[in-house]
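Structural features, examined
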Protein chains: 4
Amino acid sequence: MYPKFSSLEPEKKERIIKAAIKEFARSGYERASTNEIIKEANIAKGSLFNYFHNKKELYLFLLDYIADFIEKIYDELDWDETDIFKRFKEIASTKFKMYNRFPQAFDFLQAIAQENALEVKSEIDKRMKKFVLDNGFERMCRNIDVTKFRDDIDIEKAMNIINWTALGFAEQQSDQVHSSEDFNVEQLKEWDRYLDLMKRCFYKKEENA
Amino acid sequence: MYPKFSSLEPEKKERIIKAAIKEFARSGYERASTNEIIKEANIAKGSLFNYFHNKKELYLFLLDYIADFIEKIYDELDWDETDIFKRFKEIASTKFKMYNRFPQAFDFLQAIAQENALEVKSEIDKRMKKFVLDNGFERMCRNIDVTKFRDDIDIEKAMNIINWTALGFAEQQSDQVHSSEDFNVEQLKEWDRYLDLMKRCFYKKEENA
Amino acid sequence: MYPKFSSLEPEKKERIIKAAIKEFARSGYERASTNEIIKEANIAKGSLFNYFHNKKELYLFLLDYIADFIEKIYDELDWDETDIFKRFKEIASTKFKMYNRFPQAFDFLQAIAQENALEVKSEIDKRMKKFVLDNGFERMCRNIDVTKFRDDIDIEKAMNIINWTALGFAEQQSDQVHSSEDFNVEQLKEWDRYLDLMKRCFYKKEENA
Amino acid sequence: MYPKFSSLEPEKKERIIKAAIKEFARSGYERASTNEIIKEANIAKGSLFNYFHNKKELYLFLLDYIADFIEKIYDELDWDETDIFKRFKEIASTKFKMYNRFPQAFDFLQAIAQENALEVKSEIDKRMKKFVLDNGFERMCRNIDVTKFRDDIDIEKAMNIINWTALGFAEQQSDQVHSSEDFNVEQLKEWDRYLDLMKRCFYKKEENA
DNA sequence: TATGAATGAGTCTTCATTCAT
DNA sequence: TATGAATGAAGACTCATTCAT
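As annotated in an unreviewed UniProt entry, chain A carries the name TetR family transcriptional regulator and comes from Ktedonospora formicarum.

Here it is as structure tokens:
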């Protein structure tokens, strides 16, 4: 894909990736300044355009890079767990770990979700929708034991509600925290309470016994 | 406020408003091009700056304009209805009408919520937060009869779930529709089914009798 | 010359002239704002361009207007006085009166002298040089009794020195005063001392007896 | 200071300096067009703003550049000469050389002295007043042997007259020449005659013996 | 391969002048 | 005749991208 960039020394690659993610997260695609990235990464003006033909290509590379990152997270999940609430609980704690490993990724993901620039919007849709817009909702719902749900409720709808609640909760928390000590245990507990509430409501009585 | 613009012929005012909303919705504040607005509205370069002193003033005008628009919608709602699901149902059908009257407003609202530009961010917070960030969640939950909820669930959490579901559903639908024949009756029916599901789950049995 | 302007009611004419002189004096030709003149004179945008075809024509009119004003001052002088120092003394006190009658004229004259704008520079040279650059030096030196000067000095040079000294003194004073109580008696006395000094130096001994 | 500009090839630097001085001299600070400078210097639009952050910085650079130039001239003068007329004679011939080396400097200096733009006025005062407003009058009068003057004349006034005469003569000559073959020997001789005249008038008899 | 100076299309904004009413 | 909204050329300045070294 990006042979010139790939064959760079890893330390330099990382510097460029971090700088670019930081700048794109802060300013969005159009407003992001290649000058700022160059300065932060401590490379020459021309170099960036040697590695990537233009700003868009750099952005698309980062899109793929972040997608790979998320993919790896997903790979760590136990997809054999068939209880949806246990799975969502696991996802949350995995996100928690992920955040501490690579916090900028979250800011960038949020920026991607909010990106308006026409030039890259379609590419985002193509590559990232599954991760960004619904956190891989389809995948998350695969192999779920639907027999636990109450018979009188539409399972697809229930799953949507669970997912939207997860997204809503995440956004609410990120608004509240915003760069303090980040994700914390109390937030995980609060999320547990949401999951419990929904479990009590959506599962058959005997499942909640 | 904006006397020169106000005294314009309505047809021209509307052309300018529509063009500006379209451009700001598409590109955000910073990247939005006054040239594009001028071209789309079919007015002269200087005219825009006769009506509004600068780009920011135009944007702030649109902020107020859209706030007024939403306020009018809210005023039409029956705030004496204490059943949360009936209220959310009414809100949905009101949004439905609103969308058909002024579809661009929705795109612009989304753009406002995502706006990063420092120059206007504080103004957005000042004027729009109540509408944009939580769709007036607080207001929506005021005067709600909470005795109908099951005793074993946290009411605040339940309300959050209802709200996040509303937001999630709206986004899902708008993604699916995206400028075709707009909101339609089928979507309203589907939303009813979501509300019914949640009602069955969150309310006491007798309320669902 | 400017028939439309001339047939205006005098009160309105004066308002426009004062406003224009004030603005041109403050900002120079290019930078002067017709908007400012219009606002100050309390007339409509289009009116100014009815009376004068464009900014340049207005400026040229003011040039002539101020030239007439100066001409009137000169007409009041006693050109039969043949002693150059007495004449320069009279000129100074006439300027003194003139300043109190129409102070803006001086600021405008200074602005004219400093005007750089290509568009009007040649016109200034054509019409105003005699007044501005040398205060009508030629005229001032006409009919002077040159026999009073020492025989060993070049009369033309002596007269130049007297004139340059007058100009230098005027500029020095205007720098020092700069919009306080304007010209004052002390300044006139100091100027007398300069004239006395030069008289003692340039005139024959018997003239200073 | 201005590292990007400083490290340019000298030929290009000179082209830019000449073009900028020409434009600022012709039009003053505000009205001077960076487009014009760019065209005249044959560089790209963006280049000028790579070298200097903005128009003001370019102007301030020129201010310092011209100040250095004048300073060098002054340094060449013999400040141990205590006879004021000899000193003024030397100044004139130094100016003569200076003019032939860098004629535009004179026009620019005149423009600086007449500059009205608020944005740069205070900077001019800070850096240039000593050179511009009085041609370093104070400095010129330092270390002068005042005992040679006649006892019956005010020495400060006499010095002012000499200085104003110098300024007046310079302006008269520059008006007459105005970009032809520049300063010439005849002008220097004429200036000598003025100095002789004043010496005969202001000095004691024995000094003129 | 790495560099960073050079490029110029594009940005918002101003203002003298025109012209329909 | 008086009006002021409309016009658009010109202003300073930005920044992704190119290219000679």
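Digging into the UniProt feature "domain: HTH tetR-type" (unreviewed entry) in chain A
Here the UniProt feature "domain: HTH tetR-type" (unreviewed entry) sits at residues 10-70 of chain A. Helix makes up 87% of residues 10-70 of chain A and strand 0%, whereas the separation of the span's terminal C-alpha atoms amounts to 20 Å.

Notes on the interface of chain C and chain D
In this assembly, 30 residues from chain C lie in contact with 30 residues from chain D. Summed over both sides, the interface of chain C with chain D buries roughly 2,700 Å², with 59% coming from carbon and sulfur. Taken together, chain C and chain D are joined by 6 salt bridges. At the surface where chain C touches chain D, the tally comes to 8 residue pairs in polar contact (both at pLDDT 80 or more). Secondary structure elements with two or more residues in the side of chain C that touches chain D: helix H2 (10-31), helix H7 (103-114), helix H8 (118-132), helix H10 (155-177) and helix H11 (185-202) of chain C. By residue number, the principal contributor to the side of chain C that touches chain D is H10 of chain C, which donates 9 residues. For the side of chain C that touches chain D, the residue count by class is 13 nonpolar, 6 polar and 11 charged.

Description of the interface of chain B and chain A
On the side of chain A, 30 residues touch chain B, which itself brings 30 residues to the contact. Together chain B and chain A conceal approximately 2,700 Å² of surface at their shared face, both sides included; 59% is due to carbon and sulfur atoms. Inspection of the chain B/chain A interface yields 6 salt bridges. Note that Glu30 of chain B is salt-bridged to Arg31 of chain A, the shortest N-O span being 3.5 Å. Per-element accounting of the side of chain B that touches chain A gives the leading share, 11 residues, to helix H10 (residues 155-177) of chain B.

Details of the relation of the copies chain C and chain D
Superposition record for chain C on chain D: RMSD 0.9 Å, screw rotation 174°, translation along axis 0.2 Å. Taken together, the interface assignments show that 87% of the residues at the interface of chain C recur at the interface of chain D, consistent with an identical surface on both copies.

What counts and how
Within any chain, residue numbers begin from 1 and follow the written order of that chain's sequence. Lettering for chains starts from A, numbering for ligands starts from 1, and both go in the order in which the items are written. Local features are withheld for residues below a pLDDT of 70 in this predicted model, meaning they are given only at 70 or higher, and side-chain atom pairs are given and counted only at 80 or more; totals for whole chains, interfaces and linings count all residues. Heavy atoms throughout the structure, all of them, feed into the side-chain values; hydrogens and water do not. UniProt positions are given in the numbering used here, feature names are shortened, and annotations may be inferred rather than shown by experiment. Strands here are runs of E lasting at least two residues and helices are runs of H or I lasting at least four, both read from the DSSP assignment and numbered beginning at the N terminus. The contact rule is simple, with two residues in contact once any of their heavy atoms fall within 4.5 Å. Once two parts are brought into contact, the accessible area they lose, counted with a 1.4 Å probe and summed over both, makes up the buried area. Only one rule defines a salt bridge in this text: a Lys or Arg side-chain nitrogen within 4 Å of an Asp or Glu carboxyl oxygen. Between N or O atoms, a polar contact is any pair within 3.5 Å; within protein, one atom must be a potential hydrogen donor and the other a potential acceptor, and residues adjacent in sequence are included only when both atoms are from side chains. We call Asp, Glu, Lys and Arg charged. Ala, Val, Leu, Ile, Met, Phe, Trp, Tyr, Cys and Pro are nonpolar, and the rest, Gly among them, are polar. The copies were overlaid with a least-squares fit restricted to C-alpha atoms from residues scoring a pLDDT of at least 70 in each copy.

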